[in-house]
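Inside the fold
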Amino acid sequence: QEDAGILTRDEVVVLCQLIKAKVRGMQREREKQYVLSSGWNEQNCSDFRTAFQTFDEDMSEILEHDELLKAAEALKGRYWQSQGNMSLIFVALGIDPNKEIKMNFLMFLRMLKMLEETEARRQQGSTTGFGREQTDKLYSAFQALEPESQGTVRRETVEKALLQTGTKWIGKLDLIEVVRVLGLEPAHVEFGAFLRAMKTLQGHSEGSFEEFLDDVLSWEDEDRDLKFGEQHRTSRRYSSEAIFPSAGTSPKGVKLKVARSM
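Cut-off values and rules
Residues numbered from 1 in each chain as written. Predicted model: local features only at pLDDT ≥ 70, side-chain atom pairs only at ≥ 80, totals over all residues. Heavy atoms only, no water. pLDDT = per-residue confidence, 0-100. Helix = DSSP H or I, 4+ residues; strand = E, 2+ residues; numbered from the N terminus. Contact = heavy atoms within 4.5 Å. Axes fitted to C-alpha atoms, helices over the stretch in contact; angles between N-to-C directions. Parallel < 35°, antiparallel > 145°, perpendicular 65-115°, else oblique. Left-handed = near helix turned anticlockwise from the far one by under 90°. Nonpolar A, V, L, I, M, F, W, Y, C, P; charged D, E, K, R; others polar. Buried < 20%, exposed > 50% of the residue type's maximum accessible area, 1.4 Å probe, protein only. Phe/Tyr/Trp six-rings, centres within 6.5 Å; stacked < 30°, edge-to-face > 60°. Lys NZ or Arg CZ within 6 Å of the ring centre and 35° of its normal. Expected span 1.5 Å × (residues − 1). Salt bridge = Lys/Arg side-chain N within 4 Å of Asp/Glu carboxyl O.

Regarding the confidence of the model for the chain
A low pLDDT means the predicted coordinates there should not be read in detail. In the predicted model, the chain carries a mean pLDDT of 77, and the fraction of residues at 70 or more is 79%. The element-level mean pLDDT for the chain is lowest in strand β6 (residues 257–259), coming to 37, with strand β5 (residues 188–190) highest at 94. In this model residues 224–262 is a low-confidence stretch, pLDDT under 50, and it forms 68 contacts with partners more than four residues away in sequence or in other chains.

Some remarks on the packing of helix α8 (residues 155–166) against helix α11 (residues 209–218)
Where α8 contacts α11, the axes come no closer than 10 Å and their chain directions differ by 130°. Between α8 and α11, the interaxial angle falls into the category oblique. Every pair of crossing elements has a handedness; the one defined by α8 and α11 is right-handed. Taken together, the residues of α11 that come into contact with α8 (itself represented by Leu162, Thr165 and Gly166) are Phe212, Asp215 and Val216. For the contact of α8 with α11, a count of residues per class yields three nonpolar, two polar and one charged.

Focus: unusual backbone geometry
A positive phi angle, close to 55°, is found at Met59, a residue other than glycine. One can find Met59 in the loop between α2 (42–55) and β2 (63–64). By relative accessible area, Met59 is classed as exposed at 70%. At Glu61, a position not held by glycine, the phi torsion is positive, near 65°.

With respect to the packing of helix α6 (residues 118–128) against helix α10 (residues 191–204)
For any two helices packed against each other, the geometry is given by the interaxial angle and the distance between the axes. Look at α6 against α10: their axes get within 10 Å of each other, and the N-to-C directions meet at 35°. The crossing of α6 and α10 is right-handed. Seen from α6, the contacting residues are Arg121, Gln124, Gly125 and Thr128; seen from α10, they are Phe191, Gly192, Leu195, Arg196 and Lys199. Here the contact of α6 with α10 is composed, by residue class, of two nonpolar, four polar and three charged.

Considering the packing of aromatic side chains
Per the stated rule, a full pass over the model turns up 12 aromatic pairs. Taking the centre distance of 6.4 Å and the plane angle of 25° together, the rings of Phe105 and Phe108 count as stacked. You can see Phe105 and its partner Phe108 sitting in helix α5 (residues 105–116), three residues apart, about one turn around the helix. Taking relative accessible area as the criterion, Phe105 reaches 3% and is therefore assigned buried. The class for Phe108 is buried, based on a relative accessible area of 3%. With a centroid separation of 6.5 Å and 25° between ring planes, the pair formed by Phe191 and Phe194 is classed as stacked. Of the two residues, Phe191 and Phe194 both sit in helix α10, three residues apart, roughly one turn of that helix. A relative accessible area of 5% means that Phe191 is categorised as buried. Looking at Phe194, the relative accessible area reads 1%, which means it is buried. Taken together, the ring pairs in this structure connect Tyr139, Phe142, Phe191 and Phe194 into an aromatic cluster. Sitting above the plane of the Phe105 ring, Arg49 keeps its charged end 4.1 Å from the centroid.

Re α10
Between its terminal C-alpha atoms α10 stretches 20 Å, which fits the 20 Å expected from 14 residues at 1.5 Å a residue. By the burial criterion, the buried members of α10 are Phe191, Gly192, Ala193, Phe194, Leu195, Ala197, Met198 and Leu201. Residues of α10 that are buried in the fold lie against α6, α7 (132–145), α8, α9 (172–182), β5 and α11.

Concerning the pattern of salt bridges
According to the stated counting rule, one finds 19 salt bridges in the structure shown. Arg24 is paired through a salt bridge with Glu61; the nearest N and O atoms lie 3.5 Å apart. Taken together, the positions of Arg24 in helix α1 (residues 9–37) and Glu61 in the loop between α2 and β2 put the pair 37 residues apart, joining distant regions of the chain. Among the residues examined, Arg24 registers a relative accessible area of 25% and is labelled partly exposed. By relative accessible area, Glu61 is classed as partly exposed at 35%. The partner of Lys113 in a salt bridge is Glu117, with the nearest N and O atoms 3.6 Å apart. Among the residues examined, Lys113 registers a relative accessible area of 14% and is labelled buried. With relative accessibility at 32%, the residue Glu117 sits in the partly exposed group.

Put into structure tokens, the structure is as follows:
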């Protein structure tokens, strides 16, 4: 047939809508699985979505800067007390608070979970010898190593971050010993183990521990970024916003010929 393999403009629009619906369905399943793994139930998920939609004034399914500020203000007092604390949460989510902020529903759920567990983490920090603000900063540094993780970070990632940032602040032999002890931890390190390692490093620090912590906060795994590409780098640093194809575009590797509809 003469028109075989050719899609009309209307057919391309329909195809893009189908792709968008499929991606949205996959995202909904990810959200559901995150809710269940976090110890919440489907009613909690429904309540959280209602709250999210209340703040999402333009119904874009994304909370942008002004909308997110209103959400943060509503949470103030219950979960957090200062803008500095909220900025650390953004860093832990992989968002640069100094850049454009966009938050989808899954990221909103992750933020709520982090805020919900704030006091428990601070108790962990207190037991290890860290104050409240320092514990918040340590958690942001820990979570920012792998923003998509759920409560643990791969040991190899922690070791790499400490080795690459610690040489300026800690003697080489002391740093190697800390990494050796960290090597006794499971392959996926929990926050408590990270706290213990950082407490040991604090004792050996030859300069400002706070500046060392700032270096850990801003550290990026260049090997991983190269492996997953620039899209992963952008997602890690700023947001995990889903980007849907628009009309007239096609998935990579698929060529579409568009015919004008009559």
